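Notes for the structure review
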Amino acid sequence: MNNLHGILLVIASMAFFTFEDMFIKRLAGTIPVGEILICLGVGCGLIFAVMAKMQGNALFAPRAWRMKPVLRAGTEAVSAMGFASALALVDISTVAAVFQATPLVITMGAALFLGEDVGWRRWLAICTGFAGVLLIIRPGLDGFEPAALLVLVAVLGVAARDLMTRVMDSAVPSSVVSFQAYLSLILAGGLLLAFTPGEARMLEGSEYGMMLGGIVFGVMGYYGIVVAMRIGDASAVTPFRYTRLLFSILVGVIVFGERPDTLTLAGAALIIGSGLYTFVREQRLARRARRAAAAAAAA
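Residues numbered from 1 in each chain as written. Predicted model: local features only at pLDDT ≥ 70, side-chain atom pairs only at ≥ 80, totals over all residues. Heavy atoms only, no water.

A closer look at the overall build of the protein
Within the protein one finds twelve helices and zero strands. Ordering the α and β elements of the protein from the N terminus gives α-α-α-α-α-α-α-α-α-α-α-α. Its C-alpha radius of gyration of 20 Å places the protein within 12% of the 19 Å reference for a compact globule of 299 residues. Taking the principal axes of its C-alpha atoms as reference, the protein extends roughly 70 × 55 × 35 Å. Looking at the protein as a whole, 46% of its 299 residues are labelled buried. A sequence separation of at least 24 residues applies to 86% of the contacts in the protein between residues at least 6 apart. When the accessible surface of the protein is summed, it comes to about 14700 Å², and 69% of that surface belongs to carbon and sulfur atoms. One finds the centroid of the 23 positive side-chain charges in the protein at a distance of 13 Å from the centroid of its 18 negative side-chain charges. (Helix = DSSP H or I, 4+ residues; strand = E, 2+ residues; numbered from the N terminus. Rg over C-alpha atoms; globule rule 2.2 N^0.38 Å. Buried < 20%, exposed > 50% of the residue type's maximum accessible area, 1.4 Å probe, protein only. Contact = heavy atoms within 4.5 Å. Areas by Shrake-Rupley, 256 points an atom, 1.4 Å probe, with all protein chains shown as cover. Lys, Arg positive; Asp, Glu negative; His and termini not counted. Charge placed at Lys NZ, Arg CZ, Asp CG, Glu CD.)

This is the structure we're talking about:
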């Protein structure tokens, strides 16, 4: 039953993140992306600051502000700049499709930088997933959109963030880590305002509602995914993260009038298929290692 609840929470979280993306894309048509990031950083950061205080966690405890947690927040800023900028310029379905390559990049990064053993099968899956990315972005062809490369910046940022999370102090509370992440969005937004066209201005009319929607759905998505990973087995709930692509395609078609072409859908299928294979392979190897450890302990 816990796994069922976890799966439902993951699916709900992916829907919430998609609604957040929708509001960001809508807002980017009228106000600068940097201003959007600042508002999201302030709104979501305040919510997580309150959560940290309610849990009795100190926001500015020295151990939370050592190099690794701060670097993690920096990677969050990089990914936010890339992702939000891509949403402003590229179809939401395209952004979501390329973003599904993140688990593959994490696996590659774990092999290259953390010394994890990745066999030839998973390397082949990683290459297949990257082939899917090329099908979607199509560099050098008529359908190539240079702005789609911004999604790859976001993918690299999120992968670096998750790898940093593996090696940083696990005693730093999740609410404090989340506060740091959204604090970094304020700095990222300031950089975008300073170095990209567009001037910040007061929100008007429906923009307040869309910004509030982005904040609320962003926090709900984050909270839901954290709870889901705690109550459900990773092997059961993680594959349902790919439902975000389905929600993004639906929002793209219904809200923005997008029509993903055959190459985009084929590329997305390659990315998801290779990502699922990599995940299943990792779970199988982990079970094999646990059985070997149990047998050695029994001997």
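Let's talk about the environment of Thr30
Relative to the helices and strands, Thr30 is located in the loop between α1 (2-27) and α2 (33-54). In this structure the C-alpha to C-alpha distance between Thr30 and Leu135, which are 105 residues apart in sequence, comes to 31 Å. With residues near it in sequence (within four places) discarded, Thr30 still touches Arg201 and Glu207.

Focus: the side chain of Thr264
The residue Thr264 is located in helix α12 (residues 262-298) in this model. Once residues within four sequence positions are removed from consideration, Thr264 is found in contact with Ile136 and Arg138.

Thoughts on the packing of helix α6 (residues 120-137) against α12
At a minimum axis distance of 7 Å, the contact between α6 and α12 shows a crossing angle of 160 degrees. The pairing of α6 with α12 is recorded here as roughly antiparallel in orientation. Remark: the crossing between α6 and α12 carries left-handed chirality. Across the contact of α6 with α12, the residue classes tally to eleven nonpolar, seven polar and four charged. (Axes fitted to C-alpha atoms, helices over the stretch in contact; angles between N-to-C directions. Parallel < 35°, antiparallel > 145°, perpendicular 65-115°, else oblique. Left-handed = near helix turned anticlockwise from the far one by under 90°. Nonpolar A, V, L, I, M, F, W, Y, C, P; charged D, E, K, R; others polar.)

Focus: α2
For α2, spanning 22 residues, the distance from its first C-alpha to its last is 31 Å, which sits close to the expected 32 Å at 1.5 Å a residue. Where α2 ends, the next residue or the one after it, Gly56, has phi of about 80 degrees, a positive value. (Expected span 1.5 Å × (residues − 1).)

Considerations on the nonpolar core
Core analysis: the largest hydrophobic core is formed by 63 residues, its most contacted members being Ile36, Leu37, Leu40, Val95, Phe99 and Met211. At eight residues, α2 tops the list of elements feeding residues into this core. With residues up to four places along the chain from it excluded, the contact list for Leu40 reads Glu20, Ile24, Gly45, Tyr182, Leu185, Met211, Gly214 and Ile215. Core analysis: the second largest hydrophobic core is formed by eight residues, Ile7, Val10, Ala228 and Ala236 among them. (Core = buried A, V, L, I, M, F, W, Y, C linked by side-chain atoms within 4.5 Å.)

Digging into empty space enclosed by the protein
Using the criterion set out here, one finds one cavity of 30 Å³ or more in the structure. Taken as a whole, the largest cavity spans an internal volume of roughly 30 Å³. Considering the residues around the largest cavity, the lining is formed by Ser93, Ala97, Leu245, Ile249, Pro260, Thr264, Leu265 and Ala268. Counting only elements with at least two residues in the lining of the largest cavity, the list comes to α4 (92-99), α11 (243-254) and α12. Among the elements that line the lining of the largest cavity, the one with the most residues is α12, at three residues. Residue composition of the lining of the largest cavity, by class: six nonpolar, two polar and no charged. (1 Å grid on protein atoms, 1.4 Å probe; cavity = no way out; pocket = protein on both sides within 12 Å on 5 of 7 lines; lining within 4 Å. Points joined across faces, edges and corners; volume = space filled by probe spheres on them.)

Describing a positive patch on the surface
A cluster of basic side chains, namely Arg121, Arg284, Arg287, Arg288, Arg290 and Arg291, defines a positive patch on the protein surface. In terms of residue count, the dominant contributor to the positive patch is α12 (five residues). Its location among the elements puts Arg287 in helix α12. (Patch = residues over 30% accessible without salt bridge, like charges linked within 9 Å, V, L, I, M, F, W, Y side chains within 5 Å. Salt bridge = Lys/Arg side-chain N within 4 Å of Asp/Glu carboxyl O.)

A word on the side chain of Ser93
In this structure, Ser93 sits in helix α4. Judged by its relative accessible area of 2%, Ser93 falls in the buried class. Engagement of the side chain of Ser93 in a polar contact is seen with the side chain of Glu258, the distance being 2.9 Å. (Polar contact = N/O pair within 3.5 Å; in protein donor to acceptor, adjacent residues only side chain to side chain.)

Topic: α4
Of all eight residues in α4, eight are buried; the element is thus mostly enclosed. Residues of α4 that are buried: Ile92, Ser93, Thr94, Val95, Ala96, Ala97, Val98 and Phe99.

Digging into the state of the cysteines
This structure, assessed with the given rule, holds zero disulfides. Free cysteine Cys44: the closest other cysteine sulfur is in Cys39, separated by 11 Å. Among the residues examined, Cys44 registers a relative accessible area of 0% and is labelled buried. (Disulfide = S-S within 2.5 Å.)

Describing the pattern of salt bridges
Going through the model one piece at a time under the given rule, you end up with seven salt bridges. The shortest N-O distance in the salt bridge between Arg161 and Glu76 comes to 3.2 Å. On the criterion of sequence distance, the pair formed by Arg161 in helix α7 (residues 149-167) and Glu76 in helix α3 (residues 67-89) is long-range, its members being 85 residues apart. Since its relative accessible area comes to 19%, Arg161 is described here as buried. Measuring nitrogen to oxygen at the nearest pair gives 2.7 Å for the salt bridge that ties Glu207 to Arg201. Using a relative accessible area of 30% as the deciding quantity, one classes Arg201 as partly exposed.

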